[in-house]
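Chain by chain, the residues run as shown.
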Amino acid sequence: MAELSVHSPTSDIRADYMDLTRRKRVYNGVLLAIFVALMVAGFITADDRNAGGFWDGLHRLFDFPAEVLGEASEKLSELPAHFVTFFPSLIETVNIAGAATLLGALCAIVLSMLSTRGLARWPRMIPVFRRAMDIMRALPEIVVALVLIFVLGGGPVPAMIAIALHTSGALGKMFSEVNENASLKPVEGLQSVGASWSQRMILGVMPQVAPNYLSYALLRFEINIRASAILGFVGAGGIGYDLKNAMSWGQGQYDEAAAIFLLLFGTIVVVDQISSALRNRLTHGARLEATL
Amino acid sequence: MTMTDTATLKLQADTLFTRKRLTAFAFPAVILAYFAYIFFAFDIPGLSERVDLEHGKTLVSDTYSYKTHVTRDNRTAEVSIAVEGERKGTYPPGTAPDWVTLGDDTVIDLGRGNIVTFGPDIIRYNVKDYGTITARPGANGVQAVLPDGPVPDWISASKNRLSVTTDAGRLTITRNRTEVFRYSLGWELFFFTLDSPYHGMSFPDLVSRAFTGEAGAIFGDFWHNKMWRHSDVVWAIFETILMAFLGTMGAAIVALPLAFLAAKNFAPLMAIRFAARRLFDFFRGVDALIWTIILARAFGPGPLTGALAILITDTGSFGKMFSEALENVDAKQIEGIQSTGAKPLQRYRFGVIPQITPVLLSQILYFLESNTRSATIIGAITGGGIGLLLTQAMITQKDWEEVSYYIILIILMVMLMDWISGTLRRRLIKGGAAD
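Residues numbered from 1 in each chain as written. Chains lettered and ligands numbered in written order. Predicted model: local features only at pLDDT ≥ 70, side-chain atom pairs only at ≥ 80, totals over all residues. Heavy atoms only, no water.

- Per an unreviewed UniProt entry, chain B is named Phosphonate transport system permease protein, and its organism is Thalassovita taeanensis.
- Check the Subcellular location (unreviewed entry) section of the UniProt entry for chain B; it says "Cell membrane".
- Per UniProt, the comment on chain B under Sequence similarities (unreviewed entry) is "Belongs to the binding-protein-dependent transport system permease family." (UniProt positions renumbered as here; feature names shortened; annotations may be inferred.)

- Identification of chain A as Phosphonate transport system permease protein from Thalassovita taeanensis is taken from an unreviewed UniProt entry.
- As its UniProt record puts it under Subcellular location (unreviewed entry), chain A is described as follows: "Cell membrane".
- Recorded under Sequence similarities (unreviewed entry), the UniProt text for chain A is reproduced unchanged: "Belongs to the binding-protein-dependent transport system permease family."

Okay, structure coming up:
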């Protein structure tokens, strides 16, 4: 009796454990097999529906970059002049991103306050504002931009509105997650002295969350520069538009395309670096304050 | 002693407050100044000249209504009826919507007492609260006769052209052609086109027919609807999701081994680390736009190009994130595995991968959702998926109902992916906590 009660649980546990491990391994194996099958099938489908096949195109992959680089190196002396020519469009692209980020962030602040439990002006409306942000976030910028280009004509304004719309949805969600961690005590304190809703938000919540807001907004700015270059390509102004033109002139003009590639690449890298340094400092500073 | 201390402290506090107050005012002022600069840099005052309100009006009205054209060839007196004037939407000869009566006299009821009659050689339009307009188009022009009194501004009449625009519809008569537009609510022929026997059938009728063995035919007619091309649309959505899926997963597969090379605790050699990191920066810095252009040159337009563009860009992002995650792994677990005599590959498999899997998967899922949107955008540039359909519909500048249909589908698609990715991530975090 005593022997049994000692012996059987351990062997049971071992058997159970081995069984569990085996089952887990089988599940993982099946999942992996399904995943690999999906990848392969997906790749084959995509290859079938592509205009050119993968294996036919693979050796041509470097033809175009080589052509562009070759032409650029031939006309190396003209590159600085191209940089000067396209610099204003670059500024426009950056401005589209900057203005859209600012506009979007300002909208996002209001939207996020309106859709955070405990802070909302109209608590019953929280789901409405949340759904509105979901829809804004789900809309790809290019869709809004194309529709607006049709109505407003080409230029930076449709791109700015399109990016700002998407940004306010995306940042609104981030901001409201930040808001949820904000202490409500300053808000209650302000309420007790009769502050209005906007005063409570600006004086009670904003100082707590501003560093996090700024950090997210900087990250968005990086993303929006890329978006603004892409929107230029479909007709909104900026460097993307110049790139499209340079590409359509075709061979012999690729030195301009190369100059634009370089400008765009340089801008993205520089903005990424600056923003990540700033963001590091923001979170680092916040951490310092917390420890103090 | 303490007096001076407090005095200096007070001074410090005062300067600090002044500085804070200044920044509090300077921040909005800078933003305002920037917006003022943008206002003029983007030429917003000149926007009013560029705005095309007519375009906006067609766009909005097209999204919720459609028009049916009734056209009479004035030389042969033949009448044809077509939805949106398209060949795909033409009523077969001898059939007509219920507001048109065919016969020797074609009578078109535009509703609210407005009736247009195409006679053998005379066109009559009874406009409610105005009177009857007649015209005899032919070699001598339109020969329009209007009721007595001043000509209202919704009628424009000249020798060779008469155009009457009311809320009920529009009548245009030229020498060779008479055309009536009637506006109706909704999206035309969304389920079945006119050549399908199921057009105009009520829903219970359709269901009962579906149960008597016509389900396949009904679905076939719907699926191959020439106007809305449902099968193409579903394929396009699938292609877009496919691009996002292949791109994201492929990038994760490529980035994982590379991330080991860029992590401080796994790549002891500085040079390798530096090279791997610069490679990631390069992949990310050359934007998806440029990758798309380069890849489209080699592979042509299509979903594969889009998938590869996403793959390359995200390899950079994933590489950076994964290597950061790898630098944060706990070395104790690896040592524990090592103490059992595990080989390096086994150490990675059982000591490292389990630690980073939740982080990795949650990042991958997050990217999968955002890449659905990128795939739409890349599709619009390179030509694949729903992005292509959207740009095609926009280029025609008249199929705005299709544009709004696609936009709704895109929003639903992205929200669905958002929901799937969010649910999986939440479950992953919960599962990770339970472990």
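Now that the structure is up, let's keep going.
### A short note on the domain arrangement of chain B
Inference 1: Domains assigned within chain B are domain 1 (65–185) and domain 2 (230–434).
Inference 2: On a C-alpha basis, the centres of domain 1 of chain B and domain 2 of chain B stand 57 Å from each other. (Domains from an automatic or database assignment.)

### Section: the packing of aromatic side chains
Inference 1: Tallied over the full model, the rule gives 21 aromatic pairs over all chains.
Inference 2: Where A:F43 meets A:F54, the ring centres are 5.2 Å apart and the plane angle is 80 degrees; that geometry is what we call edge-to-face. Of this pair, A:F43 sits in helix α1 (residues 2–49) while A:F54 sits in helix α2 (residues 54–58), placing them 11 residues apart in sequence.
Inference 3: Arranged with centres 6.3 Å apart and planes meeting at 45 degrees, the rings of B:F282 and B:F283 form a pair that is tilted.
Inference 4: Exposure remark for B:F283: the relative accessible area of 17% places this residue in the buried category. (Phe/Tyr/Trp six-rings, centres within 6.5 Å; stacked < 30°, edge-to-face > 60°. Helix = DSSP H or I, 4+ residues; strand = E, 2+ residues; numbered from the N terminus. Buried < 20%, exposed > 50% of the residue type's maximum accessible area, 1.4 Å probe, protein only.)

### Re the interface of chain B and chain A
One frequent convention defines the size of an interface as the accessible area lost when the parts assemble.
Inference 1: Between chain B and chain A, the residue contacts involve 62 residues of the former and 64 residues of the latter.
Inference 2: Overall, the association of chain B and chain A removes approximately 5700 Å² of surface from exposure, summing both partners, and the carbon and sulfur fraction of that is 76%.
Inference 3: At the junction of chain B with chain A, the criterion picks out 4 salt bridges.
Inference 4: A salt bridge links B:E239 to A:R49; its shortest N-O distance comes to 2.3 Å.
Inference 5: At the surface where chain B touches chain A, the tally comes to 14 residue pairs in polar contact (both at pLDDT 80 or more).
Inference 6: Looking at which element gives the most residues to the side of chain B that touches chain A, the answer is helix α5 (residues 230–262) of chain B, with 9 residues.
Inference 7: By residue class, the composition of the side of chain B that touches chain A is 42 nonpolar, 11 polar and 9 charged. (Contact = heavy atoms within 4.5 Å. Buried area = accessible area lost by both parts, 1.4 Å probe. Salt bridge = Lys/Arg side-chain N within 4 Å of Asp/Glu carboxyl O. Polar contact = N/O pair within 3.5 Å; in protein donor to acceptor, adjacent residues only side chain to side chain. Nonpolar A, V, L, I, M, F, W, Y, C, P; charged D, E, K, R; others polar.)

### Here we look at the sheet that holds strand β7 (residues 131–135) of chain B
Residue and element names in this part refer to chain B.
Inference 1: Ordered in space as β3-β4-β5-β6-β7-β8, the 6 strands form an open sheet in which the pairing is antiparallel. The strands lining the two open edges of the sheet, one partner per strand, are β3 (100–101) and β8 (144–145).
Inference 2: Bridge count for β3 against strand β4 (residues 106–109) is 2 bridges, and the pairing is antiparallel. Looking at β4, one finds that V100 is bridged to I108. (Pairing = 2+ DSSP bridges.)

### Describing the packing of helix α8 (residues 303–327) of chain B against helix α10 (residues 344–382) of chain B
All names here are of chain B.
Inference 1: Viewed as axis vectors pointing N to C, α8 and α10 meet at an angle of 150 degrees, and their least axial separation amounts to 9 Å. Considering the angle they form, α8 stands roughly antiparallel to α10. Considering the relative orientation of α8 and α10, their crossing is right-handed. Facing α8, whose interface residues are T305, G306, A309, I310, D314, S317, F318, M321, F322, A325 and L326, α10 presents V352, I356, V359, L360, Q363, I364, F367, N371, A375, I378 and T382.
Inference 2: Considering only residue class, the contact of α8 with α10 consists of 15 nonpolar, 6 polar and 1 charged. (Axes fitted to C-alpha atoms, helices over the stretch in contact; angles between N-to-C directions. Parallel < 35°, antiparallel > 145°, perpendicular 65-115°, else oblique. Left-handed = near helix turned anticlockwise from the far one by under 90°.)

### Let's talk about the pattern of salt bridges
Inference 1: Counting across every chain of the model gives 18 salt bridges over all chains.
Inference 2: In this structure, the salt-bridge partner of A:D255 is A:K75, at a minimum N-O distance of 3.8 Å. A residue pair is termed long-range when its members are at least 10 positions apart, and A:D255 in helix α11 (residues 254–291) and A:K75 in the loop between α3 (63–74) and α4 (79–114) qualify at 180 residues.
Inference 3: B:D287 is the salt-bridge partner of A:R226, the closest N and O atoms lying 3.3 Å from each other. Of the two residues, A:R226 sits in helix α9 (residues 197–233) while B:D287 sits in the loop between α6 (270–285) and α7 (288–299), which places them in two different chains. There is no split in this pair, since A:R226 and B:D287 are both buried.
Inference 4: Here the salt bridges do not stand alone but share partners, grouping A:R226, A:D272, B:R278, B:D281, B:R284 and B:D287 into one network.

### Points about the UniProt feature "domain: ABC transmembrane type-1" (unreviewed entry) in chain B
Inference 1: Summarizing the sequence annotation, UniProt attributes the feature "domain: ABC transmembrane type-1" (unreviewed entry) to residues 237–421 of chain B in the numbering used throughout.
Inference 2: What you have in residues 237–421 of chain B is 87% helix and 0% strand, and the ends, taken at the C-alpha atoms, are 17 Å apart.

### Section: the packing of helix α6 (residues 141–152) of chain A against helix α7 (residues 156–180) of chain A
Residues and elements named next belong to chain A.
Inference 1: Interaxial distance between α6 and α7 falls to 8 Å at its minimum, and their mutual angle equals 145 degrees. The crossing of α6 and α7 is right-handed. Of α7, the residues touching α6 (which contributes E141, V144, A145, L148, I149 and L152) are V157, P158, I161, A162, I163, L165 and H166.
Inference 2: Split by residue class, the contact of α6 with α7 holds 11 nonpolar, 1 polar and 1 charged.

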